[in-house]
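Each chain, letter by letter, is given below.
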Amino acid sequence: MILRLAFGSLIARALTVGMTILAIALSVALFLGVEKVRTGAKASFADTISGTDLIVGARSGSVQLLLYSVFRIGNATNNLTWESYQDVANRPEVDWIVPISLGDSHRQFRVMGTTPEFFERYKYRSGRSLALQDGVVMDDLFDAVIGADVAATLGYSIGDPIVVAHGLASFSEHEDQPFRISGILEKTGTPVDRTVIVSLEAIEAIHVDWQNGAQKPGQSTPADVLRQMDLEPQAITAALVGVKSRLQVFALQRSINEYSQEPLLAILPGVALQELWQIVGIAETALIGVSAMVVVTALIGMMATIFSSLNERRREMAIFRAMGARPRVILALLVLEAVLMAAIGAVLGLGLLYAGLMVGQPLIDSAFGLWLPIEPPTMREGWVLLAVIAASAIVSMIPALRAYRMSLADGMMVRI
Amino acid sequence: MPDTAPILHLENARYRWPGRASFELHVPALSLARSETVLLLGESGSGKSTLLSLICGTITAQSGHVRIGDTDVASLSAGQRDSFRAEQIGLIFQQFNLLPFATVQDNILLPLQFAPNRRKRAQARQAEAVRLCRALGLPDDVMGVRAGTLSVGQQQRVAAARALIGTPPLIIADEPTSSLDAATQSTFLDLLFAQSRANDTSVLMVSHDARLADQFDRVIHMNHIATSVRSAA
């Protein structure tokens, strides 16, 4: 019955109580939402590349190799010779190997040369394959497949010609050898979205007439001639490797790292992603901090509401006292009220979060490539909600103690 | 013998409010017999509220005795006094008696929450609440209604039902009829006394209105039983 009375009292002050609950609900939804985005971002980040057991490149740092080979950030300090690539490819442990060659660009997007096998082997978000939203995988030497962001940003469609620039942010373009867009990929939420993919041979072809970073004056081999040429590359940037048995990964990694003809580096993508996340992850702590402050603000708002309600509720407390309620019943009643408000707010916040997820999930996925899974609340989220409720009880002790003292002084004789 | 012993007995009770503008109340002797109805007349400022607070145990006399039944109120701890009040005394105020957001039924049953013995005496609590409401002339369908929506007269009857439930030996009423018109006042008291006499409950009612005197067993004046001293400290 006391619980019913507490409820009744809350309902009687529906407007202010409702606002307080709404504030708590929003803050809880924000906090849990940030948590969702954070874990979603972490998972998406870790899902950038999957199915690849090793990434092989010239010797540098593991994070650096990951950054330029997968995220297309920064540049390779060195290349990997075709001979070394062949040696790795011929090792018995290797199930498949896909070379990638970077260095050129189209507008703000990187151009990557690779083999058609890339489209089968590159996996993201725990085993998803790349898919074409339009067109086909490159067929001709001068065919290009572009990522979803490239197509969206530059407004390209199938058949459009594109000219690749030499290097990055460069004014010298491979104008004589334009490409034709043959396919556009589905959005993946990975750096592939921002990549122009051509064949490995095409990268060689557009550099046939080039030497030391500049076109030989007056020389331009016609496309038909290029198509007949043997365009085996001298060097590539990196290679993605899959092994026959997972047990062989470490042995292969070690032998590549100890390869004597050339300093090479083989990394486990998962491990390197972890290392990278530790750098990126500092921002997540700040994000959690800020959203926790929002929850604290909402709770302080609730405390203020309870405080301001005390005066108008002296009569109510006096009635309780007259009926024989001890002052600590008054105290308990106020704490109970706060806990009720926080509990309703927390549950409502959880509801808001799920409603938001239902609506926002496809939008966020297509806009940011961030997949936020809709799952039942985790233990961690449960603890967060409990912590909010517990914090509300603690915070409400301050006005409750004041009410306790007031009801001791007033007794049952309040004349308003 | 419990039946002959007074339900309320004050003897040389003295109380001085703390603070600079001090006010002291002295009650040499005041007694109420069981099932007696007494009207205590007094002007405002004559110490009525202080006297009621003493009887209800929200304050305790610095000297002398305040007994309810066999118990000296001053001998109890603050918490015990709260429980004791819940068990022994039904209270009716001038107005704003009820929790406006709660139903009539919850309002009536509220004191039982803090008084296990009264709760036992009331037995079938809800049926008893309905019976009291009916006896006090309230419509049957009133139980589920929020108390705040009732008229003042109806609210005072609900307050009376709340004071009567579980048959406490003493009912203290602080100007319960002052917000009612003359005809309603008299009906209200008739209905209240019918119930209190049936339960052997004593009623001490405080008022400044002498016109109600006829309906009571005994009328006393604040001036005759108590002296109050206002000293500019």
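A quick note: this is a predicted structure, and the numbers were derived from the prediction, not measured.

J.: For this particular structure, what's the right way to read the overall build of chain A?
T.: The helix and strand tally for chain A stands at 14 helices and 16 strands. Radius of gyration (C-alpha) of chain A: 31 Å, far over the 22 Å computed for a compact globule of 416 residues. If one aligns the C-alpha atoms of chain A with their principal axes, the spans along those axes are about 105 × 45 × 30 Å. Burial analysis of chain A (416 residues in total) assigns 50% to the buried set. Within chain A, counting contacts between residues at least 6 apart in sequence, those at least 24 apart form 78% of the total. Total accessible area on chain A is roughly 19,000 Å²; 61% of this is exposed by carbon and sulfur atoms.

J.: Please clarify how a nonpolar patch on the surface should be interpreted in this entry.
T.: Residue and element names in this part refer to chain A. Among the surface-exposed residues, Leu15, Met19, Leu22, Leu26, Leu348 and Leu352 lie close enough to one another that they form a single nonpolar patch of about 590 Å² accessible area. Considering each element in turn, the nonpolar patch owes the most residues, 4 residues, to helix H2 (residues 14-46). Along the polypeptide, Leu348 turns up in helix H13 (residues 327-368). Given the relative accessible area of 41%, Leu348 is considered partly exposed.

J.: How should the nonpolar core be read in this particular structure?
T.: For soluble globular proteins, nonpolar side chains are generally found buried alongside one another. In this structure, Phe320(A), Leu8(B), Leu10(B), Leu51(B), Ile55(B) and Ile225(B) are the most contacted members of the largest nonpolar core, which totals 85 residues. With 13 residues, H13(A) is the largest single contributor of residues to this core. If near-sequence neighbours (up to four positions away) are discounted, Leu51(B) is found in contact with Leu10(B), Leu25(B), Val27(B), Leu30(B), Leu40(B), Met222(B) and Ile225(B). In terms of nonpolar packing, the next biggest core, distinct from the first, is built from 37 residues, Val104(B), Leu132(B), Leu138(B) and Ala147(B) among them.

J.: Sorry if this is basic, but what is going on with the sheet that holds strand S6 (residues 89-92) of chain B here?
T.: Sheet strands pair via backbone hydrogen bonds, and the direction of the pair is either parallel or antiparallel. Residues and elements named next belong to chain B. Across the sheet, 5 strands lie side by side as S6-S7-S8-S3-S9; this open sheet has parallel pairing. What marks the edges here is a single partner per strand, and that holds for S6 and strand S9 (218-221). Direction aside, neighbouring strands of the sheet carry axes that sit 20° apart on average. For strand S3 (residues 37-41) and S9, the ladder comprises 4 bridges, and the chain directions are parallel. Within S9, the position partnered with Leu40 by the bridge is Ile220. The strands touched by helix H6 (residues 152-164) are S6 and strand S7 (170-174); relative to S6, the strand with the most contacts, the crossing angle is about 170°.

J.: What's the story with helix H1 (residues 48-56) of chain B in this structure? I'm lost.
T.: For the α-helix, the turn length of 3.6 residues means that residues three or four positions removed from each other point alike. Residues and elements named next belong to chain B. Taking burial as the measure, the 9 residues of H1 include 8 buried ones, the bulk of the element. Lys48, Thr50, Leu51, Leu52, Ser53, Leu54, Ile55 and Cys56 are the residues of H1 that are buried. Of the residues trailing H1, Gly57 is marked for its positive phi of about 85°.

J.: Sorry, what's going on with the packing of H2(A) against helix H11 (residues 282-312) of chain A here?
T.: Angle between the axes and distance between the axes: these two values describe a pair of packed helices. Residue and element names in this part refer to chain A. Where H2 contacts H11, the axes come no closer than 9 Å and their chain directions differ by 170°. Classified by the angle between their axes, H2 and H11 sit roughly antiparallel to one another. Packed against H2, whose contacting residues are Thr16, Thr20, Ala23, Ile24, Ser27, Val28, Leu30, Phe31, Val34, Glu35 and Arg38, the element H11 presents Glu284, Leu287, Ile288, Ser291, Ala292, Val294, Val295, Ala298, Leu299, Met302 and Thr305 at the interface. A per-class count over the contact of H2 with H11 returns 14 nonpolar, 5 polar and 3 charged.

J.: Just checking my understanding: could you explain the pairing of strand S1 (residues 54-58) of chain A for this structure?
T.: Look at any regular strand and the pattern is simple: side chains alternate between the two faces of the sheet. All names here are of chain A. With 5 of 5 residues buried, S1 is to be regarded as a mostly interior element. As paired elements, S1 and strand S16 (residues 264-267) share 4 bridges and run antiparallel to each other. Within S16, the position partnered with Ala58 by the bridge is Leu264.

J.: Explain the domain arrangement of chain A here, please?
T.: It is common to give the size of an interface as the accessible area lost on bringing the parts into contact. All names here are of chain A. For chain A, the assigned domains read domain 1 (2-45 + 281-410) and domain 2 (54-267). Spacing between the C-alpha centres of domain 1 and domain 2 amounts to 52 Å. With 7 residues of domain 1 at the interface, the matching set in domain 2 holds 5 residues. With both sides pooled, the region where domain 1 packs onto domain 2 buries about 440 Å², and carbon together with sulfur makes up 53% of that total.

J.: What am I meant to see in the interface of chain B and chain A here?
T.: Contacts between chain B and chain A engage 29 residues on the former and 23 residues on the latter. Taken together, the two surfaces of chain B and chain A that pack against each other cover about 2,400 Å², and 66% of this comes from carbon and sulfur. One can count 2 salt bridges joining chain B with chain A. Across the pair Arg4(A) and Asp106(B) runs a salt bridge, and its minimum N-O distance is 2.5 Å. Between chain B and chain A we count 5 residue pairs in polar contact (both at pLDDT 80 or more) in total. Secondary structure elements with two or more residues in the side of chain B that touches chain A: H1, helix H2 (78-88) and helix H3 (104-113) of chain B. When residues in the side of chain B that touches chain A are grouped by element, the largest group, 6 residues, is from H2(B). For the side of chain B that touches chain A, a count of residues per class yields 14 nonpolar, 10 polar and 5 charged.

The rules we used
- Residues numbered from 1 in each chain as written.
- Chains lettered and ligands numbered in written order.
- Predicted model: local features only at pLDDT ≥ 70, side-chain atom pairs only at ≥ 80, totals over all residues.
- Heavy atoms only, no water.
- Helix = DSSP H or I, 4+ residues; strand = E, 2+ residues; numbered from the N terminus.
- Rg over C-alpha atoms; globule rule 2.2 N^0.38 Å.
- Buried < 20%, exposed > 50% of the residue type's maximum accessible area, 1.4 Å probe, protein only.
- Contact = heavy atoms within 4.5 Å.
- Areas by Shrake-Rupley, 256 points an atom, 1.4 Å probe, with all protein chains shown as cover.
- Patch = residues over 30% accessible without salt bridge, like charges linked within 9 Å, V, L, I, M, F, W, Y side chains within 5 Å.
- Salt bridge = Lys/Arg side-chain N within 4 Å of Asp/Glu carboxyl O.
- Core = buried A, V, L, I, M, F, W, Y, C linked by side-chain atoms within 4.5 Å.
- Pairing = 2+ DSSP bridges.
- Axes fitted to C-alpha atoms, helices over the stretch in contact; angles between N-to-C directions.
- Parallel < 35°, antiparallel > 145°, perpendicular 65-115°, else oblique.
- Nonpolar A, V, L, I, M, F, W, Y, C, P; charged D, E, K, R; others polar.
- Domains from an automatic or database assignment.
- Buried area = accessible area lost by both parts, 1.4 Å probe.
- Polar contact = N/O pair within 3.5 Å; in protein donor to acceptor, adjacent residues only side chain to side chain.

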